[in-house]
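Structural overview for review
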Amino acid sequence: MSFAFADTPYEAPDAMFELKAAFDRDTATRKLNLGPGAYLDNEGRSWILPAVAAAETQLQASPPGHEYLPILGLPAFRQAARSIAFGGDSPLINGPKIATLQTISGTGAIRIAVQFLKLFYNAAATVYVSDPSWSNHRVMFEYAGFKVEDYPYYDTPTRSLAFTRMLQRMEAVEDGGIFVLQACGHNPTGCDLTHDQWSQLAKVLQRKNHIPLLDNAYQGFAGGSLEDDGWSVRHLFSDHGLTGILCQSFSKSMGLYGERVGAVHVVLPANDSQSVIRAVESQIGWISRKEISTPVRYGATIASTIITTPALFEQWKKDLVTMSSRIKLMREKVLQGLKARDTPGDWSHVVTQVGMFSYTGLTEAQVLKLREKSIYLSETGRISVSGLNDGNVDYFCDCVDEVVRAS
Ligand code: PLP
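Residues numbered from 1 in each chain as written. Predicted model: local features only at pLDDT ≥ 70, side-chain atom pairs only at ≥ 80, totals over all residues. Heavy atoms only, no water.

Interaxial distance between helix H3 (residues 75-86) and helix H12 (residues 297-308) falls to 9 Å at its minimum, and their mutual angle equals 55°. One element, H3, and the other, H12, form an angle in the oblique class. By crossing handedness, the relation of H3 to H12 is classed as left-handed. In this structure, H3 contributes Ala76, Phe77, Ala80, Ser83 and Ile84 to the contact, and H12 contributes Ala300, Ala303, Ser304, Ile307 and Thr308. (Axes fitted to C-alpha atoms, helices over the stretch in contact; angles between N-to-C directions. Helix = DSSP H or I, 4+ residues; strand = E, 2+ residues; numbered from the N terminus. Parallel < 35°, antiparallel > 145°, perpendicular 65-115°, else oblique. Left-handed = near helix turned anticlockwise from the far one by under 90°. Contact = heavy atoms within 4.5 Å.)

Set out below in structure tokens:
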């Protein structure tokens, strides 16, 4: 063929979107979609957080309009986002240590971080992502031309963190690598580091001059507490004074998925870095200007209204508990359901893992068998726990029991 674009190769859709399409095509009356990382209530419906609904009502009374935002984003949102990520009383947010840019949610934050690292850190640095990780981590860095390698994270036989191997790898590689870490509610494994493990890791990062890129997509959603889920962020950047980048998303924690609310924060170590922070902020702003011109007003206005209005903030904290408790309850029901059926194997990891996802340990063959029963989950065995509810958890346990026994 001779016309322009004629040789464009076909790119297969992302596995999760493909799974959703297969689920939509399925005509069974009882079907479960355990793929997408979005919260559903106990009736299987998407949920508008009461805090968000109240903020929207408040905004209707005094509409924010539709003007362009500044390049760095809505000032109130940038300040509010920092206080959530680093703690309102953190010396970090009051000193000249953090450059903050409003982004197109967590993905946009990572995109800006990738470009910033490429231009102003080291385009030849190796990027290390956990094995396994959220699939976009690797591809976004590769897309920008970085060399990407895995570091051990999950130990399949014990279904837990491969912490010793993770640390050994961090020690063994060349100094100055970029380590992509997840602050809490690790996607896809649901396995997080303990406080002591974060401390050990921080020391190695520091000694090896590695740059941590902390992806914080589930703060408050994972464990129900903004403080507990934000501990790793404060520990690395405040207690250890590391230089690095924090990518923050409000998609899950406020249920603002489609509104694309997030921020990237570049954190410097010392208080005497005023001129550097100014320069960094100017550069992340300039990168964003070239990518999206200016960020999005609506979602950021909702988020900052919630964070800065005491009654709404209290409501949000309750909403986080509502979501995380329902997920914990479903984990418990799966464990009890499989125990009651005497399903072969130890399933206790389902309740020790945290956050949106459980890495069930189901094999690809078992996952495909479940698909024949109209239960859709990733071939890695990852389930989005919020797809389970009182109306379908027994069916899920019945089917898991059946495919496990048959294999
Ligand atoms: N990081 C992780 C680990 C995620 O799981 C996700 C979404 O699933 C994101 C980042 C990005 O989410 P968003 O761009 O919707 O904020």
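Attention shifts here to empty space enclosed by the protein. All chains considered together, the criterion is met by 2 cavities of 30 Å³ or more. When its volume is computed, the largest cavity comes out at roughly 40 Å³. Taken together, Ile84, Asn216, Gln219, Leu226, Gln248, Ser249, Phe250 and Ser253 make up the lining of the largest cavity. Tallied by class, the residues present in the lining of the largest cavity amount to 3 nonpolar, 5 polar and no charged. Lining the second largest cavity, in full, are Val334, Leu338, Trp347, Val350, Thr360, Leu362, Ile383, Phe396 and Val400. Counting only elements with at least two residues in the lining of the second largest cavity, the list comes to helix H13 (310-340) and helix H16 (393-406). (1 Å grid on protein atoms, 1.4 Å probe; cavity = no way out; pocket = protein on both sides within 12 Å on 5 of 7 lines; lining within 4 Å. Points joined across faces, edges and corners; volume = space filled by probe spheres on them. Nonpolar A, V, L, I, M, F, W, Y, C, P; charged D, E, K, R; others polar.)

Next up on the list: the nonpolar core. Residues Phe77, Phe250, Met254, Ile306, Trp316, Ile375 and Phe396 are the most contacted members of the largest nonpolar core, which totals 60 residues. Elements with a minimum of two residues in this core: helix H2 (50-61), H3, strand E10 (261-267), H12, H13, helix H15 (364-372) and H16. Looking at this core, the element that brings in the most residues is H13, giving 10 residues. Two domains share this core, each providing at least three of its residues, namely domain 1 (15-47 + 324-406) and domain 2 (68-308). If near-sequence neighbours (up to four positions away) are discounted, phenylalanine 396 is found in contact with Leu32, Leu34, Val334, Ile375, Ile383 and Leu388. Formed by 33 residues, the second largest nonpolar core is a distinct cluster that contains Leu167, Leu242, Leu246 and Tyr359. (Core = buried A, V, L, I, M, F, W, Y, C linked by side-chain atoms within 4.5 Å. Buried < 20%, exposed > 50% of the residue type's maximum accessible area, 1.4 Å probe, protein only. Domains from an automatic or database assignment.)

For the chain, the average pLDDT comes to 95, and 99% of its residues sit at 70 or higher. Both scores are given for the predicted complex: the pTM is 0.95, the ipTM 0.99. (pLDDT = per-residue confidence, 0-100.)

The next point concerns the site of the ligand. Close to the ligand lie 13 residues; Ser105, Thr107, Asp215, Tyr218 and Ser249 are nearest. Between the ligand and the protein, one listed contact pairs an oxygen atom with a side-chain N or O atom of serine 251 at 2.9 Å. Arginine 260 places a side-chain nitrogen or oxygen 2.9 Å from an oxygen atom of the ligand. Within the complex, the protein chains bury 91% of what would otherwise be the 400 Å² of accessible surface of the ligand. Among the cavities detected, the one that contains the ligand is the largest pocket. The biggest single contributor to the shell around the ligand is helix H5 (residues 105-122), with 3 residues. Across the shell around the ligand, the residue classes tally to 3 nonpolar, 7 polar and 3 charged. (Near = heavy atom within 4 Å. Polar contact = N/O pair within 3.5 Å; in protein donor to acceptor, adjacent residues only side chain to side chain. Areas by Shrake-Rupley, 256 points an atom, 1.4 Å probe, with all protein chains shown as cover. Sits in = over half its atoms within 2 Å of the grid points.)

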